[in-house]
Structures are given as structure tokens and as C-alpha cells.
Amino acid sequence: MTITSPTNKHILEARRLTRSSARHESGRFVAEGEDLNEAAAAAGTAAHFVLCAEGHTGAPASKDSIEVSAALMAKISTLGSSSRMIGVYDQSWHAPAGPLAVALWGVRDPGNIGTILRSAVAFGASSVVLGPGSADPYSPKAVRASMGAIFTGTLARCGSIAELPGQVVALVPGAGKALAGPLEGTVTLLLGGEREGLPQEILEQCHDIRHIRQLAGDSLNVAMAATVALYEVTRMAAG
């Protein structure tokens, strides 16, 4: 049977989960698009349910798939072009873990959060830790930017620098020595928001301050900085 009513309970939940308060309350999130839902299936992450546009024949198909009229899917999609698949999943949170962690302090753009998670998975980081003032990694924008890494990466939260694993290395443009890897032991790379950076009281609690060597310009976008830093500290091991 094809769902056509906007008051259907599954439709209502998918809509609610685009709001931060609903995600926080339920511990669930939505993944829009075939690629994200296929990434969930490949990672072995089970959906509570998957809404599929009427006539959709692509994977993943399961007993939890629910057919929805194309017109209704267009109304509930947050994308410019309506999705053919929207899945609802449980959030997954863990304790901060090493030997290599990335911690974000006051990084407010969810697109940057998702991109950093994607880079962390690519370079084998053990966890991405969200500190105070950081965006929700399970918001629709962050989930899309993760390109499926939301289902394979390890997410954690912290309220203080003391909760971060190992030596905490703050990345600050133009400060300290240039970052050159690999770094010894368990390390957390700490990055702040693009406008404010890391507060002085936070920097005073870190074990080291480094910068990313650049040929020109003042600084990098925080997602680019995290990606370059992860490459730098893992490139020897990769070889």
C-alpha cells in the first residue's frame, strides 16, 4: 500500500527529525537519498524504516521499506530535488577514543562537521569528539556532508579538555611549530570555529600548539585544516 497522507506516523516522524529538539529527544535521525541509505546497508546499520518513492526499484529493499507517493516525498524532502529514499536510524554515541582523535570546539557549521567525520574515517581516526558549541553531526546537512561516514565513524561528546584522550594538540594558524607527523602516542587534534578559534582558556589546557604549514593565505577552512592535519599525522603509517 502506498502512503499518501501527510499525517501518517512515519511521515510525521521523518519530518520531526529535521528539527534538533526532536533528534535530541528521540535519539534518531534521518538520512536522505539513495547513496546514504545504501551506505547504511553496507555498514550493517539497520533502519527503523525507509520511505521509498512510489515506483522506486533501487536498493536497499527490505521488510522495513515503505512506499510513499512521489508527491508526498517531494513535500517532506529537505533537498532541492526531492529524495527517492529517506531512512530513519538510531544515533550512535561512544566515549572519546584514541590512539588518534579529532576534537571540535565551537565548530558551528554542520557541513564542516560532516566533512571532518568523512576525513576522519578516510584517515583512520579513532573518534571525532564534539565539544561545547559544536553543531549536531546528525543534522540533515551534516549527515549529507559525511557521505556515509556517519554510519562508519565513531562519534563522541565531551564537556572539557580533560575528557580527551592522550596529548591534546591544538591547531592554531601561525602559532607554535608546524605540524609534522607522525606524532607519538595517543593524540587528540583539537580545532576551533573559523571565526573565534580556540579560546585562550582552552589553549592553556592543551599539551601543545601547532599550525599547518601554508605557502600563502592566513588560514584554512576548518574542514580542510582537519583533513590536512589528519593526512600529515598519518602519512608515514600509510606508507
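Residues numbered from 1 in each chain as written. Predicted model: local features only at pLDDT ≥ 70, side-chain atom pairs only at ≥ 80, totals over all residues. Heavy atoms only, no water.

**Regarding the overall build of the protein chain**
Okay, so step 1: Within the protein chain, the regular secondary structure consists of eight helices and eleven strands.
Okay, so step 2: Oriented by its inertia axes, the alpha-carbon framework of the protein chain measures out at about 60 × 35 × 35 Å.
Okay, so step 3: Looking at the protein chain as a whole, 47% of its 239 residues are labelled buried.
Okay, so step 4: Restricting the contact set of the protein chain to residue pairs at least 6 apart, pairs at least 24 apart contribute 76%.
Okay, so step 5: In the protein chain, 19 positive and 21 negative side-chain charges are present, and the distance between their average locations comes to 3 Å. (Helix = DSSP H or I, 4+ residues; strand = E, 2+ residues; numbered from the N terminus. Buried < 20%, exposed > 50% of the residue type's maximum accessible area, 1.4 Å probe, protein only. Contact = heavy atoms within 4.5 Å. Lys, Arg positive; Asp, Glu negative; His and termini not counted. Charge placed at Lys NZ, Arg CZ, Asp CG, Glu CD.)

**Some details on the pattern of salt bridges**
Okay, so step 1: What the rule picks out here adds up to eight salt bridges.
Okay, so step 2: Ionic pairing is found between Asp136 and Arg23, a salt bridge with its closest N-O pair at 2.7 Å. Taken together, the residues Asp136 in the loop between β6 (127–130) and α6 (140–146) and Arg23 in helix α2 (residues 20–26) connect sequence positions 113 residues apart.
Okay, so step 3: Among the residues examined, Asp136 registers a relative accessible area of 22% and is labelled partly exposed.
Okay, so step 4: For Arg23, a relative accessible area of 4% corresponds to the buried category.
Okay, so step 5: Lys141 serves as the salt-bridge partner of Asp109, at 3.4 Å between the closest nitrogen and oxygen. Here Asp109, found in the loop between β5 (100–105) and α5 (110–122), pairs with Lys141, found in helix α6; they are 32 residues apart in sequence, far enough to count as distant.
Okay, so step 6: Overall, Lys141 belongs to the partly exposed group, its relative accessible area being 44%. (Salt bridge = Lys/Arg side-chain N within 4 Å of Asp/Glu carboxyl O.)

**A few points about the nonpolar core**
Okay, so step 1: Counting 41 residues, the largest nonpolar core has Phe29, Tyr89, Leu104, Ile150, Leu189 and Leu191 as the members making the most contacts within it.
Okay, so step 2: Looking at which element gives the most residues to this core, the answer is helix α8 (residues 222–238), with seven residues.
Okay, so step 3: Apart from the residues lying within four places of it in its own chain, the contact partners of Phe29 are Leu17, Arg23, Gly87, Val88, Tyr89, Asp90, Gln91, Tyr138, Val143, Ile150 and Phe151.
Okay, so step 4: In terms of nonpolar packing, the next biggest core, distinct from the first, is built from 16 residues, Phe49, Ile66, Ile76 and Val88 among them. (Core = buried A, V, L, I, M, F, W, Y, C linked by side-chain atoms within 4.5 Å.)

**Examining the sheet that holds strand β9 (residues 177–178)**
Okay, so step 1: One open sheet holds the seven strands; their spatial order is β7-β6-β5-β10-β8-β11-β9, and the pairing between them is parallel. Two strands bound the open sheet, and with one partner strand each, they are β7 (155–157) and β9. (Pairing = 2+ DSSP bridges.)

**Observations regarding the pairing of strand β4 (residues 85–90)**
Okay, so step 1: A large share of β4 lies buried, amounting to five of its six residues.
Okay, so step 2: Bridge analysis of strand β1 (residues 28–32) against β4 gives five bridges, and the strand direction is antiparallel. Considered in β4, the bridge of Arg28 is made with Asp90.
Okay, so step 3: In this sheet, β4 lies alongside strand β2 (residues 49–53) in antiparallel orientation, the contact comprising four bridges. Among the inter-strand pairings, Leu51 is bridged to a residue of β4, identified as Ile86.

**Considerations on the packing of aromatic side chains**
Okay, so step 1: Overall, the coordinates contain six aromatic pairs when judged by the stated rule.
Okay, so step 2: Between Phe29 and Phe151 the ring centres are 5.9 Å apart and the planes differ by 35 degrees, which places this aromatic pair in the tilted class. One end of the pair, Phe29, is in strand β1; the other, Phe151, is in the loop between α6 and β7, and 122 residues separate them in sequence.
Okay, so step 3: With relative accessibility at 2%, the residue Phe29 sits in the buried group.
Okay, so step 4: Centre to centre, the rings of Trp93 and Tyr138 are 5.6 Å apart; their planes meet at 70 degrees, and the pair counts as edge-to-face. Placement of the pair is Trp93 in the loop between β4 and β5 and Tyr138 in the loop between β6 and α6, with a sequence separation of 45 residues.
Okay, so step 5: What makes Trp93 partly exposed here is its relative accessible area of 25%.
Okay, so step 6: Three or more aromatic residues joined by ring pairs form one cluster here, namely Phe29, Tyr89, Trp93, Tyr138 and Phe151. (Phe/Tyr/Trp six-rings, centres within 6.5 Å; stacked < 30°, edge-to-face > 60°.)

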